[in-house]
Amino acid sequence: MARSLTTRLVLTLVTLLITVGVAFVYLAKWSSDRYHQEITQRLNATIAGYIVEEEPLLGDSNVNSSALEHVAHMAMIINPVAEVYLLDDQGRILGHALPQSAVTTTHVDLAPIEAYLEGDSNMPVRGADPLNPGEKKVFSAAPIETAGKLVGYVYVVLGGQKYESEAEQVLDSHILRISVGSVVALVLISALVGLLAVRFLTRRLRRLVVDLRRFQAGGFREPVKASDVARNDGDEINTLRTAFHDLSATVADQIRQLETTDSTRRELIANVSHDLRTPIASMKGYLDTLLMKHESLAVDERQRYLEVATRHSAYLGKLVEDLFELSCLDSGLVQPAPEAFSLSELVQDVAQKYQLQAAQARITLAPHVDREAPLVKADIGMIQQVLENLIGNALRHTPARGEISVTVTPGADTVTTVVADTGQGIANEDLPHIFNRAYSGGESRQKPRANAGLGLAIVKRILDLHNADITVTSRIGEGSAFRFELPLVAAG
């Protein structure tokens, strides 16, 4: 509990209040003493002059003791706590009306007396206390002159021992209790008000802590939402809460993406492992058979075994190549380098590349292009790979005597390309997943596939890098059509 921000703020406030209270009591006492001393000195400023005028205290360098006792008595009538001293012109104490054992010093510093008489110092002016060497007291003083010559001073201490004793009793019994009581009451009231104020000011911070703990308890998967946050109102705590809520949404989304990516990676590894295992096992089986029965196999049979092994080897090479390329696309290592080119000519070239394979499979591959179509702006190498993967995919899923068409149609701002086939088609439940690199649909795994489903994933990733969408329409038994658009040079 002591570690909470609210508690620490309250403790800091109470400590500050106590410190200020103690300082206030000390300052009040000090200023009260100074005020009383100044009032005492001003009200009794004429005592010393009255004593000098009343009776001669010095005569022929001798102290008139009886006169000194008399004037001391008269001074005490005026001020009961006054102590009268007779000094020579060097500050030596010549006489007083106090017990002899009480006075423990023989000299008084004349500098405060001279300053007092000249009137240059602000009151209160404090001088030496013969009864307490080292102490300073307010006083009244007057010079004693004989034949115009200074021979000494009357020095009247206005706050003697009796005054100090009475003052300490009054202080202990009344002023101190009032001051301390006032400070304690002030501290308690201020602490209560401060506690309420701190709790009021930190209530949104406490809500933020609750939100943070709830977010943490949920495994950082559920973003925190708060409808009471006022955005962009200049309040730092509101800004902090808003930033945290936005951050929680981002973190939750990132965690979901990581979990999805991890799940996809596991599924991909499982699928690829299966895709690798099957051709490797087949290729090993045929090669082992060739090694064991090399002498007994006919020439045409050995040739067939080698052709099957070569086909599986090519499939493995293509699979590894596609995996590496997809990894580069996903990591951002490969970025498109757009340039202007004729999409119609590129389609013609790619279609020509696959004409022999299509003819061997007894499939008609027909490009439908407009040679006058405007140029597009894209990475020509990447778009070529898109066309190759789409046409290759169509060839794998189109039966003999089927047709594949590649159509290029210019529009106002884009050029649309459609690769359509009359193959087996794709089930509706499989359509949302065909561009998933780990998805294989209902296709049998018993035969080698040229790219094991990675071809469409590569197509999707390349077009994403070009900010282009690809859509597919398909009907079982009738075929599929893949459509994408690229911007014209003028529009790009």
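Thresholds, definitions, all that
- Residues numbered from 1 in each chain as written.
- Predicted model: local features only at pLDDT ≥ 70, side-chain atom pairs only at ≥ 80, totals over all residues.
- Heavy atoms only, no water.
- Helix = DSSP H or I, 4+ residues; strand = E, 2+ residues; numbered from the N terminus.
- Buried < 20%, exposed > 50% of the residue type's maximum accessible area, 1.4 Å probe, protein only.
- Contact = heavy atoms within 4.5 Å.
- Areas by Shrake-Rupley, 256 points an atom, 1.4 Å probe, with all protein chains shown as cover.
- Polar contact = N/O pair within 3.5 Å; in protein donor to acceptor, adjacent residues only side chain to side chain.
- Pairing = 2+ DSSP bridges.
- Axes fitted to C-alpha atoms, helices over the stretch in contact; angles between N-to-C directions.
- Core = buried A, V, L, I, M, F, W, Y, C linked by side-chain atoms within 4.5 Å.
- Salt bridge = Lys/Arg side-chain N within 4 Å of Asp/Glu carboxyl O.

**Q** How should the overall build of the chain be read in this particular structure?
**A** The secondary structure content of the chain amounts to 11 helices and 14 strands. Sorting the 492 residues of the chain into buried and exposed places 37% on the buried side. The contacts in the chain between residues at least 6 apart in sequence include a share of 67% that link residues at least 24 apart. In the form shown here, the chain has an accessible surface area of approximately 28600 Å², with 56% of it arising from carbon and sulfur atoms.

**Q** I keep staring at the side chain of serine 474 and nothing clicks. Help me out?
**A** Its location among the elements puts serine 474 in strand 13 (residues 470-475). Serine 474 gets classed as buried once you look at its relative accessible area, which sits at 13%. At 2.7 Å, the side chain of serine 474 forms a polar contact with the backbone nitrogen of isoleucine 426. A polar side-chain atom of serine 474 sits 2.7 Å from a polar atom in the side chain of serine 480. Setting aside its immediate chain neighbours within four residues, serine 474 contacts Gly425, Ile426, Asn428, Leu431, Gly479 and Ser480.

**Q** It is not clear to me how the sheet that holds strand 14 (residues 479-487) should be interpreted in this structure. Could you clarify?
**A** Sheets are built from strands paired through backbone hydrogen bonds, the pairs being either parallel or antiparallel. Pairing in this open sheet of five strands is mixed, and the strands run 9-11-12-14-13 from one edge to the other. The two strands at the open ends of the sheet, each matched to only one other strand, are strand 9 (364-368) and strand 13. Taking each pair of neighbouring strands and ignoring which way they run, the sheet shows an average axis angle of 10°. Note: strand 11 (residues 403-410) against strand 12 (residues 414-421), seven bridges, orientation antiparallel.

**Q** Looking at this model, I keep getting lost on the nonpolar core. Mind explaining?
**A** Among soluble globular proteins, nonpolar side chains are generally buried collectively. Grouped together as the largest cluster of nonpolar side chains are 52 residues, with contacts concentrated most on Leu343, Leu390 and Phe482. Residues in contact with leucine 390, not counting those within four places in the same chain, are Val419, Leu456, Val459, Ile470, Phe482 and Phe484.

**Q** Would you explain the pattern of salt bridges in this entry?
**A** Side-chain pairs of opposite charge can arise whenever the charged atoms involved come near each other. Within this structure, the stated rule accounts for nine salt bridges. Arginine 256 is the salt-bridge partner of aspartate 253, the closest N and O atoms lying 3.9 Å from each other. Of the two residues, aspartate 253 and arginine 256 are both situated in helix 7 (residues 236-292); the distance of three residues between them amounts to about one turn of the helix. For aspartate 253, a relative accessible area of 30% translates into the label partly exposed. In this structure, the salt-bridge partner of glutamate 388 is lysine 353, at a minimum N-O distance of 2.9 Å. Here lysine 353 lies in helix 9 (residues 343-360) and glutamate 388 lies in helix 10 (residues 380-397), a separation of 35 residues in the sequence. The exposed category is assigned to lysine 353, whose relative accessible area is 52%.

**Q** What am I meant to see in the environment of alanine 97 here?
**A** On the secondary structure map, alanine 97 appears in the loop between strand 4 (93-96) and helix 4 (111-118). Look at alanine 97 and you get partly exposed, because its relative accessible area is 39%. For alanine 97 and tyrosine 85, which are 12 residues apart along the polypeptide, the C-alpha to C-alpha distance reads 7.5 Å.

**Q** Got a minute to help me understand the sheet that holds strand 3 (residues 83-88) in this structure?
**A** Strand order in the open sheet made by the five strands is 4-3-7-6-5, with antiparallel pairing throughout. Looking at which strands have only one partner, the edges of the open sheet turn out to be strand 4 and strand 5 (126-128). For this sheet the average axis-to-axis angle between neighbouring strands, irrespective of direction, equals 40°. In this structure, strand 3 lies alongside strand 7 (residues 149-157), joined through six bridges in antiparallel fashion. Residue pairing for strand 7: glutamate 83 is matched across the bridge by valine 157. Lying over the sheet, helix 4 contacts strand 3, strand 5, strand 6 (136-146) and strand 7, oriented at roughly 75° with respect to strand 6.

**Q** I would appreciate a short explanation of unusual backbone geometry in the present structure.
**A** Negative phi characterises most residues that are not glycine, and trans characterises most peptide bonds. For the bond from methionine 123 to proline 124, the omega torsion is 5°, close enough to zero to count as cis. Summarising the element assignment, proline 124 is placed in the loop between helix 4 and strand 5. Its identity is not glycine, yet arginine 401 carries a phi of approximately 65°, on the positive side. Looking at the secondary structure, you find arginine 401 in the loop between helix 10 and strand 11.

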